[in-house]
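# Structure assessment
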Amino acid sequence: PRTWAGFTAALMLTLLLTSVASERASAALIIEVEDTEIGAGQSGVVNVWISSSNGADSLGLFNVVFGLKPLTSNSLGTLEFTNQTTLASNDAAYVFTSDLDPLRVPLERLNHEFVQGGDFTGSGENVELPAAPLRRLLARLDVSHLLSAGQSSSQAIGEEFEISLLLDEIEFLGNPYQTFFDGTDGEGNALNLDPRNVSPGTITIIAPSVTAVPEPSSLILFAAGGAGWLVRSRRKRAALAAASIAR
């Protein structure tokens, strides 16, 4: 019994160490494209987040390529990437915010289906990634929904599109574009980008937001109030001028 107990304890310790080693080896980047709602015929911004499965990964440079496609077969409208003007680096949650001088340039629109771009640390040092569920902002994607000819906003409600990080190289106008992440894990190894940890985002089209416009009666009251203020202001200035002359 004593021998069996010793064997059992040794076996349990071996399994535990194997489990820990396996957990470390399986550490990987986690990329999440955020699900977003956009008004029919309107524009929006889609956030992309990055984290580490164990918090030991660090990142110094990346390049990303994103693509989009419709999910609903009966979609009449289209979703497309617009000129990328929203800077993720302006947000406090940006992955390289703690670095001295990130590149701070927007992504590049290749066409209505693809965007690409990246950044690196100006210091040359890697930045530690938080362990999920904590995460950092990796990119912001500018998109726009377009209604087809004769399509009403109400007809577009419920259309769905998918934006995903493309892991395979694409070619555009003879130039290759590839997603990659340069950094190290907790053991000093290259970063592990497992496709199972890369989640696409669903863009759902909803009723367009409406900007409130003042009613005509409100505009009249506003104009009347402004005119009254102008008259009072002129009278006050005239009185002050007369008093100054009298002195």
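Refer to the structure above for everything that follows.
Below is a summary of the structure that appears in this document.

Reading guide: rules and limits
- Sequence order as written defines the numbering, with residues in each chain counted from 1.
- A pLDDT threshold of at least 70 governs which residues receive local features in this predicted model, and a stricter bar of 80 or more applies before side-chain atom pairs are shown or counted, although totals over entire chains, interfaces and linings include all residues.
- Side-chain numbers come from the whole structure's heavy atoms, not from hydrogens or water.
- Working definition: helices are DSSP H or I runs of at least four residues, strands are E runs of at least two. Numbering for both runs from the N terminus.
- When accessible area is computed with a 1.4 Å probe and restricted to protein chains, residues below 20% of their type maximum are described as buried, those above 50% as exposed, and intermediate ones as partly exposed.
- Residue exposure ignores everything except the shown protein chains as possible cover, and the areas themselves are Shrake-Rupley values with a 1.4 Å probe.
- Should DSSP find at least two bridges between two strands, the strands are taken to pair.
- Take the buried Ala, Val, Leu, Ile, Met, Phe, Trp, Tyr and Cys residues and link them wherever side-chain atoms come within 4.5 Å; each set so joined is a nonpolar core.
- Each pair of aromatic rings taken from Phe, Tyr and Trp, with Trp reduced to its six-membered ring, is defined by centres within 6.5 Å and is described as stacked if the planes are under 30 degrees apart, edge-to-face if over 60, and tilted in the remaining cases.
- Within this analysis, patches are made of residues with over 30% relative accessible area and no salt bridge. Like charges are joined at 9 Å or less; nonpolar side chains (Val, Leu, Ile, Met, Phe, Trp, Tyr) at 5 Å or less.
- Basic side-chain nitrogens of Lys or Arg form a salt bridge, by our definition, when they fall within 4 Å of a carboxyl oxygen of Asp or Glu.

## Description of the overall build of the protein chain
A tally of regular secondary structure across the protein chain gives three helices and 15 strands. Within the protein chain, the proportion of its 247 residues that are buried is 34%. Split by element, the accessible area of the protein chain, about 14,700 Å² in all, is 57% carbon and sulfur.

## Some words on the sheet that holds strand S5 (residues 78-81)
Sheet architecture is open: five strands sit in the order S5-S9-S3-S1-S14, paired in mixed fashion. Pairing within the sheet leaves two strands with one partner each, and these edge strands are S5 and strand S14 (198-199). For strand S1 (residues 29-33) and strand S3 (residues 43-52), the ladder comprises five bridges, and the chain directions are antiparallel. Each bridged residue has a counterpart across the sheet, and for isoleucine 30 the counterpart in S3 is serine 51.

## Comments concerning the nonpolar core
With 38 residues, the main nonpolar core has Phe66, Ile163 and Phe181 as its most contacted residues. Elements with a contribution of two residues or more to this core: S1, S3, strand S4 (58-70), S5, strand S9 (136-146), strand S10 (160-165) and strand S15 (201-206). Val65, Leu110, Leu166 and Tyr177 belong to the second-largest nonpolar core, a separate cluster that totals five residues.

## As for the packing of aromatic side chains
Here the structure, examined in full by the defined rule, presents three aromatic pairs. A ring pair is formed by phenylalanine 62 and phenylalanine 96, whose centres lie 5.8 Å apart and whose planes are at 45°; its orientation type is tilted. On the criterion of sequence distance, the pair formed by phenylalanine 62 in strand S4 and phenylalanine 96 in the loop between S5 and strand S6 (108-109) is long-range, its members being 34 residues apart. A relative accessible area of 4% places phenylalanine 62 in the buried class. Their ring planes at 80° and their centres at 6.0 Å tell us that tyrosine 94 and phenylalanine 96 sit as a pair that is edge-to-face. Residue class for tyrosine 94 comes out buried when judged on its relative accessible area of 3%.

## Considerations on a nonpolar patch on the surface
A cluster of nonpolar side chains, namely Leu103, Val105 and Phe120, defines an oily patch on the protein surface of about 250 Å² accessible area. Inspection of the secondary structure puts valine 105 in the loop between S5 and S6.

## Some remarks on the pairing of S15
Here S15 shows a buried face lined by Gly201, Ile203 and Ile205 and an unburied face lined by Thr202, Thr204 and Ile206. Sheet topology places strand S2 (residues 36-39) next to S15; four bridges connect them, and they run parallel. Within S15, the position partnered with threonine 36 by the bridge is isoleucine 203. Inspection of the sheet shows S10 paired to S15 by four bridges, in the antiparallel sense. By the bridge assignment, glutamate 160 is partnered in S15 with threonine 204.

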